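An overview of the molecular structure
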Amino acid sequence: MKKLIHVENIKTFSSNTFRVILSLHFLFYILVVLAVSRIELSMGAFSIGRLYQFPNVWEYFSWVASWFNILLGILVIVLICNEFRFYTFRQQIMNGLNEGHLLLGKIYMIVVIALYALLLVIVSSLVSGYITGSEPLGLSQFAGMEVVGVYFLQTLAYMSMAMLFAMLFKNNGLAIVTFILYLFPGEVILRNLIFTNIQEYFPAKLISGLTPLPLMFRDQAKSLKSIGMEFNTAQAAETALVTPQETVIAIVYIAAFLSITYWILKRKSY
Amino acid sequence: MASESILEIRNLTKNYGRLRALNGLNLHVRQGEIYGLLGPNGSGKTTTLSIVMGILKETAGDCYWFDRKPGYQSRLRIGSLIEDPHFYPYLTLYDNLRIITWIKELPESQINYSLGMTGLLKRKYSRFRTLSSGLKQRLAIAAVLVGDPEVLVLDEPTKSLDPEGFSDLRDIIQKEAEKGKTIILSSHILDEVEKVCTHVGILKSGELVTEGKVEDILSGKEVVFISSEDTGNTARLLDRCPFIEKYEKQDSREYKLLLNKKGSPAELNKYFFDQGIVLSKLVKQKNTLESEFLQLMK
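Predicted model only: the values in this text are computed from it and were never measured.

Here we take up the overall build of chain B. For chain B, the helix and strand inventory stands at 11 helices and 13 strands. When the backbone C-alpha atoms are referred to their principal axes, chain B occupies close to 75 × 45 × 40 Å. Across the 298 residues that make up chain B, the buried fraction comes to 39%. Nonlocal contacts in chain B, meaning residues at least 24 apart in sequence, comprise 69% of its contacts between residues at least 6 apart.

All names here are of chain B. Taken domain by domain, chain B comprises domain 1 (5–214) and domain 2 (220–297). Taken together, the elements giving at least two residues each to the side of domain 1 that touches domain 2 come down to α7 (190–196), β8 (199–204) and β9 (207–213). The element that contributes the greatest number of residues to the side of domain 1 that touches domain 2 is α7, accounting for four residues. Here the residues of the side of domain 1 that touches domain 2 sort into eight nonpolar, one polar and three charged.

Right, let's get into the sheet that holds β8 of chain B. Sheet strands associate in pairs through backbone hydrogen bonding, adopting either a parallel or an antiparallel arrangement. Residue and element names in this part refer to chain B. Spatial strand order, β5-β6-β7-β3-β8-β9: six strands in an open sheet with mixed pairing. Whereas interior strands pair on both sides, the edge strands pair on one side only; in this sheet they are β5 (78–81) and β9. The mean angle between the axes of side-by-side strands here comes to 10 degrees, regardless of whether they run parallel or antiparallel. Across four bridges, strand β3 (residues 34–38) lies against strand β7 (residues 182–186) in parallel orientation. The residue bridging G36 from the neighbouring strand is L185, located in β7.

Residue and element names in this part refer to chain A. Orientation of helix α2 (residues 16–37) relative to helix α4 (residues 56–67), taken along the N-to-C sense of each, is 135 degrees, at an axis distance of 9 Å. Relative to α4, the element α2 lies oblique. In this structure, α2 meets α4 at a crossing whose hand is right-handed. From α2, Y29, V32 and V33 reach across to α4, where they touch F61, V64 and A65. Across the contact of α2 with α4, the residue classes break down as six nonpolar, no polar and no charged.

This paragraph deals with the sheet that holds strand β11 (residues 244–249) of chain B. Residues and elements named next belong to chain B. The four strands are arranged β11-β12-β10-β13 in an open sheet whose pairing can be described as antiparallel. Taken across any chain shown, the strands that pair with only one partner, and hence form the sheet edges, are β11 and β13 (279–285). Going from strand to strand, the sheet's axes swing by 20 degrees on average, the running direction of each strand aside.

Our focus in this paragraph is the environment of C63 of chain B. Residue and element names in this part refer to chain B. Mapped onto the elements of the fold, C63 is located in strand β4 (residues 60–65). Measuring from C-alpha to C-alpha, the distance between C63 and A143 comes to 24 Å, with 80 residues separating the pair along the chain. Residues within four places of C63 in sequence aside, it is in contact with L7, E8, I9, L12, I51, V52 and P70.

All names here are of chain B. Of the two faces of strand β12 (residues 254–259), the one lined by Y255, L257 and L259 is fully buried and the one lined by E254, K256 and L258 carries no buried residue. Direction of pairing for strand β10 (residues 223–228) relative to β12: antiparallel, over a ladder of five bridges. The partner of F225 across the bridge, within β12, is K256. Pairing of β11 with β12, which is carried by five bridges, proceeds in the antiparallel orientation. Paired with E248 across the strands is K256, a residue of β12. Turn length for the β11-β12 hairpin, with the two strands adjacent in sequence and antiparallel, is four residues.

Moving on to the interface of chain B and chain A. Contacts between the two partners involve 24 residues from chain B and, on the opposite side, 22 residues from chain A. Counting only elements with at least two residues in the side of chain B that touches chain A, the list comes to α2 (72–75) and α3 (93–103) of chain B. The dominant element in the side of chain B that touches chain A, judged by the number of residues it contributes, is α3 of chain B, at six residues. Within the side of chain B that touches chain A, the residues separate by chemical class into 14 nonpolar, four polar and six charged.

What counts, and at which threshold
- Residues numbered from 1 in each chain as written.
- Chains lettered and ligands numbered in written order.
- Predicted model: local features only at pLDDT ≥ 70, side-chain atom pairs only at ≥ 80, totals over all residues.
- Helix = DSSP H or I, 4+ residues; strand = E, 2+ residues; numbered from the N terminus.
- Buried ≥ 20, exposed ≤ 12 C-beta atoms within 10 Å, placed from the backbone.
- Contact = placed C-beta atoms within 7 Å.
- Domains from an automatic or database assignment.
- Nonpolar A, V, L, I, M, F, W, Y, C, P; charged D, E, K, R; others polar.
- Pairing = 2+ DSSP bridges.
- Axes fitted to C-alpha atoms, helices over the stretch in contact; angles between N-to-C directions.
- Parallel < 35°, antiparallel > 145°, perpendicular 65-115°, else oblique.
- Left-handed = near helix turned anticlockwise from the far one by under 90°.

Written out as structure tokens, the structure is:
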């Protein structure tokens, strides 16, 4: 494993694509967090400012970060498709790796990227909670932090799915377009038109639902519903609740994506 | 005592859709051999080398490296270059070779040795994408040499090389051969193969048409050119002569003959003389791998 880590480090951290996409991810996330913090809005118990305070900040920042998981998926696609584009997987097989090593190397890289995203959410949440809070840091501020762990699982799931698309198509453009089309209209069409009875268990739906709308939004949506102001957010709020069952299914999906990827790698000629 | 088996291929078959690229190929390379794999374009040389290096799946048949089923462990003992050089364009030459040292679990000090052998030491911090095609090929050869592997597999290694690179490569192959390395080489440059290889296998349409030591393939067979005033009887005798393996007409009077192992130019001359034909020309030419190859390809 040590050799795979070194090999992945050499080829990935020197890649401009890696640096640019990760920088964009960082920038977009920080910009959204900062931009929304400037909005002064309060309705009853709800206020934008409270989203930036402990303990709401954990859920809110994980939810915001989840919007940019698609960028992490695209990064994984580019990193893998470049291996086919440069024929470097082929070269590494000739040099003495096997398909299992190739997959393990990429899993390592996915975990590294997911850890970066996790760290980003944790550090930004701590900074925000500390700045906006009035009380000194204590255990109570970390209540609800488990959602950040679920966010970590979510990034792993998105990137595993992206890896599968990369292995299937081998071409950057084709894999990215197919990945995005599957996430947005593709799965929605499948869910709503064909498999309506199991729509909650579709991968993109289930994985995106791991970081639901923050509790404050949900409460606000319910109160709006109670006074007759129904809108889509209110409906979404009722279904967007993570259960342990969904977390387990997400783990099963990750295992399935990785297994199919390995199966494709084993069958492939380089 | 028989030498250790390095590579054995048994009934290897590869289909690309309906096209059969390899048809039940059998081949055996032993330790210390410099084995030249020859054949025209599309004969299956690269397909064979790609399968044995694990980058192409065979349709049927088996191959064995070091008497075992091939796997990544066997590939760690082999340095290989198949088709074009493939490296990360954004990495320096040094970093590209570092990847190989990590894969093969070798010290990074090996890199400078390989770059030095191929004349790339001064460019070690250049990015791969900035190299000319000849220098890229040199880097591919440097990558093959990393870790002093037991076996070298080189598919068209002279591709894109300038005359200096060509000569350097010949020196490298000879030095590696002197160390007792086994080298499997495919090339179109038959003169070079004849100079460096101890054994050759000639492929045609995915089948091995001949295999053996270079000296055995070339010895015992001589090429002679003959002509006579009596063209009609000469042509008739060519079909009956027991010393001729093959012949072809060069012009209205002249024939090019490949003598078999029983024949010699003197015996040929006697045979025609005894039959009442005086040869006005009888010129012996040294048989080369190229002429043998061209004969086999007809």
